[in-house]
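# Close look at the chain arrangement
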Amino acid sequence: MAFTIADLIEHSVDLNPERIALETDGRGHTYAELEARANALAHRLRELGVRPGDAVGLYSRNTIEAVEAMVAIFKARAVMVNVNYRYVEGELEHIFTDSGMKVLIHERRYRDKVLNVLQNAPLIEHRIVIEDGTGETALEAGESRFEDDIAASSTERDFEPRSEDDLYMLYTGGTTGKPKGVVWRQEDIWRVLGGGIDWYTSEPVTDEWQLARAGAGEGQLVRFPIPPFIHGGSQWAIFQSLMGGQKAVVYPEFDAAHSWEIVEKHKVNVVFITGDAMGRPMVDALAERDYDLSSLVTVASSAALFSQNVKEEFLDRIPNALLIDAIGSSETGFGGLGIVAKGAPTSGNPRVTADKQLHVLREDGTEVTPGSGEVGILARSGHIPLRYHNDPEKSANTFKEYGGVRYSIPGDFARVEDDGAITMLGRGSVSINTGGEKVFPEEVEAALKAHPDVFDTVVVGVSDDRFGQRVAAVVATRGDARPALADLNEVVRKELAGYKCPRSVWFVDEIKRSPAGKPDYRWGAEQTTTREPDQTL
């Protein structure tokens, strides 16, 4: 018995063949149609020489074809490589060569970039082009069309048995350095992100048909994952939906008002977003007009947590919806949940109820005492990745063993409260050392967002002759507002010690974030070096 992505989806196909699996504007596929098309594409990959363990790249926005390609890659027992569609050519070349991908599936709109990089990526033997309405040109050698390949291939499910050691890899940009591939066994990542462990009881699923059977016996839930599929949380929102016989709604671009129109049109029950990067414009859009959101049950955020004031505004606008913060990372998977209640006290630090395999450790590997106020490093045991692809040094630094237990330690700092909840403090690699005191940007960012004029912000450290570094804020405001730095810090001091208050501020039109919604700290630091601050204390 192998708990692989393809097997678990196939079980759902067998129990729900006529249900709609995927839906977008004016188009949808049943589970049977998804199965036939994914089988055909998987056979085409095999014809192209793709063997178990070979890497296949996927360079696409959120489309039905992207989901079909993901399922096909796993059916063929290949390793999917998620390609960030916002990468410039140098970054593309790195991921093409570092992954060793043999075939690349990409939307036509990215063809020119691909051709410019291809000469430096000799391992790519073939490219499959998804037509996206941006115009067709004659095919070149080593190139075929997505629909042609499906039409010409067998739709039978006649693949060999899959292995418990089949792999899943997720490329992540992180906060520093080049994109890196985090390598998991499929069962391990399914256990922590796909429903393989009950998140409320922590009991493992022992029957590979359990998710499919439960979905078939219940009404069909409609999910809408908005973040790009290059983000692992969004991929797993899709996989969970398919494994449970549910319906996933997919659209290629994010627009706040359009997102609510999609919820209204498709009667969406669960929306997945990434923190304030999507949440704040979506809240603002709710103030512009009324939408029928009676179907909406949950708004869940992963990768970037909600700030408290955005939570409050969501609950004001959609009082019957449940808001969920889910913590985790490419190196840990799911770690814990924060369920938001109306009227909860504001906090500069996100706080979640932890999974039983999530720990906060000291440098020697011992566990931090709950309620001690001691800051430790976040770690996960149990089902964790195997390694970083092509990076044994980083693997050794991240995946460590203490007392016979292997942990994944990606670099996030945290505290354990009296009740066992974990307060997240942010990534150590971007922490600010000011006069010997450590400041975590995420906690300052969360506090700043409580100011009514702050739309978004990124906090970085800048050089200081006296303290080594001082705290600086790059802020995007609502409209033309330019609040005084002293007024901003009055809000911050309600949550944090005075030394964590920004000493300088730069105002910008928009905060640059990754497609997954994470703040770009390198960009933030560049803003502070290219011009003088707008205000300084």
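Right, let's walk through the structure included here. It should be emphasised that the depicted structure is a prediction, and the values quoted were computed from it without experimental measurement.

Criteria and thresholds
- By convention here, each chain's residues receive numbers from 1 onward along its written sequence.
- Two thresholds apply to this predicted model, a pLDDT of at least 70 for residue-level local features and 80 or more for giving and counting side-chain atom pairs, whereas whole-chain, interface and lining totals are computed over all residues.
- Based on all heavy atoms of the structure, the side-chain values leave hydrogens and waters out of the count.
- Each helix is a run of H or I in the DSSP string that is no shorter than four residues. Each strand is a run of E no shorter than two, and both are numbered from the N terminus.
- Two things to know: the radius of gyration comes from C-alpha atoms, and the globule rule equals 2.2 Å times the number of residues to the power 0.38.
- In what follows, residue pairs with any heavy atoms lying within 4.5 Å of each other are defined as contacts.
- The accessible surface values rely on the Shrake-Rupley method and a 1.4 Å probe; as for residues, cover is taken only from the protein chains in view.
- Note that His is not counted, nor are the chain ends; the positive residues are Lys and Arg, and the negative ones are Asp and Glu.
- To locate a charge, the coordinates of NZ of Lys, CZ of Arg, CG of Asp or CD of Glu are taken.
- Cavities and pockets are found on a 1 Å grid laid over the protein atoms alone: a cavity is a set of points where a 1.4 Å probe fits but cannot escape, a pocket is an open set with protein on both sides within 12 Å along at least five of seven lines, and a lining residue has an atom within 4 Å of such a point.
- Grid points are joined across faces, edges and corners, and a volume is the space filled by probe spheres set on the points.
- All residues other than Ala, Val, Leu, Ile, Met, Phe, Trp, Tyr, Cys, Pro, Asp, Glu, Lys and Arg, Gly among them, are scored as polar; the first ten of these are nonpolar and the last four charged.
- Salt bridge criterion: a side-chain nitrogen from Lys or Arg within 4 Å of a carboxyl oxygen from Asp or Glu.
- Partly exposed describes any residue whose relative accessible area lies between the buried limit of under 20% and the exposed limit of over 50%, with all areas from a 1.4 Å probe on protein chains only and scaled to the type maximum.
- Pairs of N or O atoms are called polar contacts if they sit within 3.5 Å, as long as, within protein, a hydrogen donor faces a hydrogen acceptor (for residues adjacent in sequence, only side-chain-to-side-chain pairs).
- The rule is short: rings of Phe, Tyr and Trp, with Trp giving its six-membered ring, pair when the centres are within 6.5 Å, and they are stacked under 30 degrees, edge-to-face over 60, tilted in between.
- Should DSSP find at least two bridges between two strands, the strands are regarded as paired.
- The axes are straight lines fitted to the C-alpha atoms, using for helices just the contacting stretch, and the angles between their N-to-C directions are given from 0 to 180°.
- Take the buried residues of types Ala, Val, Leu, Ile, Met, Phe, Trp, Tyr and Cys, join any two whose side-chain atoms come within 4.5 Å, and each joined set is a nonpolar core.
- Definitions for this section: a left-handed crossing has its near helix turned counterclockwise from the far helix by less than a right angle. A right-handed crossing has that turn clockwise.
- Our angle categories are set so that under 35 degrees counts as roughly parallel, over 145 as roughly antiparallel, 65 to 115 as roughly perpendicular, and the remainder as oblique.

### Structural notes on the overall build of the protein chain
- Scanning the protein chain for helices and strands turns up 16 helices and 29 strands.
- Computed over its C-alpha atoms, the radius of gyration of the protein chain comes to 23 Å, within 12% of the 24 Å expected for a compact globule of 537 residues.
- Taken over the C-alpha atoms alone, the protein chain extends approximately 70 × 55 × 50 Å along its principal axes.
- Considering only residue pairs separated by 6 or more positions, the protein chain has 67% of its internal contacts joining residues 24 or more positions apart.
- For the protein chain, the accessible surface area stands at approximately 21400 Å², while carbon and sulfur atoms represent 47% of it.
- The protein chain carries 58 positive and 84 negative side-chain charges, and their two centres are separated by 2 Å.

### A look at empty space enclosed by the protein
- Applying the stated rule across the entire model yields one cavity of 30 Å³ or more.
- If you trace the largest cavity, you find it lined by Leu58, Tyr59, Ser60, Arg61, Ala66, Met70, Met80, Asn82, Val83, Phe229, Ile230 and Gln235.
- Looking at the lining of the largest cavity, the elements that each hand over two or more residues are β3 (55-59), α3 (64-75) and β4 (79-82).
- Of the residues contributing to the lining of the largest cavity, the split by class is eight nonpolar, three polar and one charged.

### Notes on the pattern of salt bridges
- Taken as a whole and assessed by the stated rule, the structure comprises 47 salt bridges.
- Salt-bridge contacts for Glu187 lead to Arg185; the nearest nitrogen and oxygen are separated by 3.5 Å.
- The buried category is assigned to Arg185, whose relative accessible area is 16%.
- One salt bridge connects Glu443 with Lys500, and the closest N-O pair in it is separated by 3.1 Å. Placement of the pair is Glu443 in helix α14 (residues 441-448) and Lys500 in the loop between α15 (485-492) and β28 (504-508), with a sequence separation of 57 residues.

### Some remarks on the side chain of Asp325
- Examined against the element boundaries, Asp325 turns out to sit in strand β14 (residues 322-329).
- Here Asp325 falls in the buried class, since its relative accessible area comes to 3%.
- A polar side-chain atom of Asp325 sits 3.4 Å from a polar atom in the side chain of Lys311.

### What about the side chain of Arg280?
- In this structure, Arg280 sits in helix α11 (residues 275-286).
- Buried charge without a partner: Arg280 forms no salt bridge, and the closest opposite charge is Asp276, 4.0 Å away.
- In this structure the side chain of Arg280 is engaged in a polar contact, spanning 2.5 Å, whose partner is the backbone oxygen of Phe455.
- Other than its neighbours up to four places away in sequence, Arg280 contacts Ser307, Asn309, Val310, Glu313, Lys449, Val454, Phe455 and Arg478.

### Some points on the packing of aromatic side chains
- Tallied over the entire structure, the rule returns twelve aromatic pairs.
- With a centroid separation of 6.4 Å and an interplanar angle of 15°, the aromatic rings of Tyr85 and Tyr110 are classed as stacked. In this pair, Tyr85 is assigned in the loop between β4 and α4 (89-99) and Tyr110 in the loop between β5 (103-107) and α5 (111-118), connecting sequence segments 25 residues apart.
- According to the relative accessible area criterion, Tyr85 is buried, its value standing at 13%.
- For Tyr110, a relative accessible area of 9% translates into the label buried.
- Relative to Phe314, the ring of Trp260 has its centre 6.3 Å away and its plane inclined at 65°; by these criteria the two rings are edge-to-face. Of this pair, Trp260 sits in helix α10 (residues 256-266) while Phe314 sits in helix α12 (residues 308-317), and the two are 54 residues apart along the sequence.
- Through a chain of ring-to-ring contacts, three or more aromatic side chains come together here, namely Phe74, Tyr168, Trp236 and Phe239.

### Looking at the sheet that holds β28
- Pairing in this open sheet of four strands is mixed, and the strands run β26-β27-β28-β29 from one edge to the other. Both edges of this open sheet fall to β26 (454-464) and β29 (535-536), since each of them pairs with a single strand only.
- Pairing analysis gives two bridges linking β28 to β29, with the strands arranged antiparallel. From the neighbouring strand, Val505 faces β29, where its bridge partner is Gln535.
- Packing against the sheet, α15 makes contact with β26, β28 and β29, and its axis sits at approximately 105° to β28.
- The strands touched by helix α16 (residues 521-530) are β26, β27 (468-477) and β28; relative to β26, the strand with the most contacts, the crossing angle is about 70°.

### Observations regarding the environment of Val492
- For Val492, the position within the fold is in helix α15.
- Classification of Val492 as buried rests on a relative accessible area of 0%.
- Sequence-wise, Val492 and Leu448 are 44 residues apart; in three dimensions their C-alpha atoms are separated by 5.8 Å.
- What Val492 contacts, discounting residues up to four positions off in sequence, is Ala447, Leu448, Cys501 and Pro502.

### A short note on the nonpolar core
- By size, the foremost hydrophobic cluster in this structure holds 65 residues, and its most contacted members are Ile105, Tyr168, Trp236, Phe239 and Leu242.
- Counting residues per element, this core draws most heavily on α3, which supplies nine residues.
- Within the second largest apolar cluster, 28 residues are counted, among which are Ile273, Ala285, Leu296 and Ala321.

### What about the packing of α11 against α12?
- The contact between α11 and α12 brings their axes to 10 Å, and the two run at 35°. Relative to α12, the crossing made by α11 is left-handed. The residues of α12 that touch α11, namely those facing Asp276, Gly279, Arg280, Met282, Val283, Asp284 and Leu286, are Asn309, Val310, Glu313, Phe314 and Arg317.
- Split into classes, the residues belonging to the contact of α11 with α12 amount to five nonpolar, two polar and five charged.

### Examining the sheet that holds strand β19 (residues 387-388)
- Spatially, β8-β9-β19 is the arrangement adopted by the three strands of the open sheet, whose pairing is antiparallel. The open sheet terminates on both sides in strands that have one partner only, identified here as β8 (167-172) and β19.
- Inspection of the sheet shows β8 paired to strand β9 (residues 180-185) by six bridges, in the antiparallel sense. Counterpart to Leu167 in the pairing with β9 is Arg185.

### Here we look at the packing of helix α7 (residues 186-193) against helix α9 (residues 232-243)
- With their axes 11 Å apart at the nearest point, α7 and α9 run at an angle of 90° to one another. One way to sum up the angle between α7 and α9 is to call them roughly perpendicular. When α7 is examined against α9, the residues Ile189, Trp190 and Leu193 are found in contact with a partner set consisting of Trp236, Gln240 and Met243.
- The residue inventory of the contact of α7 with α9, partitioned by class, reads five nonpolar, one polar and no charged.

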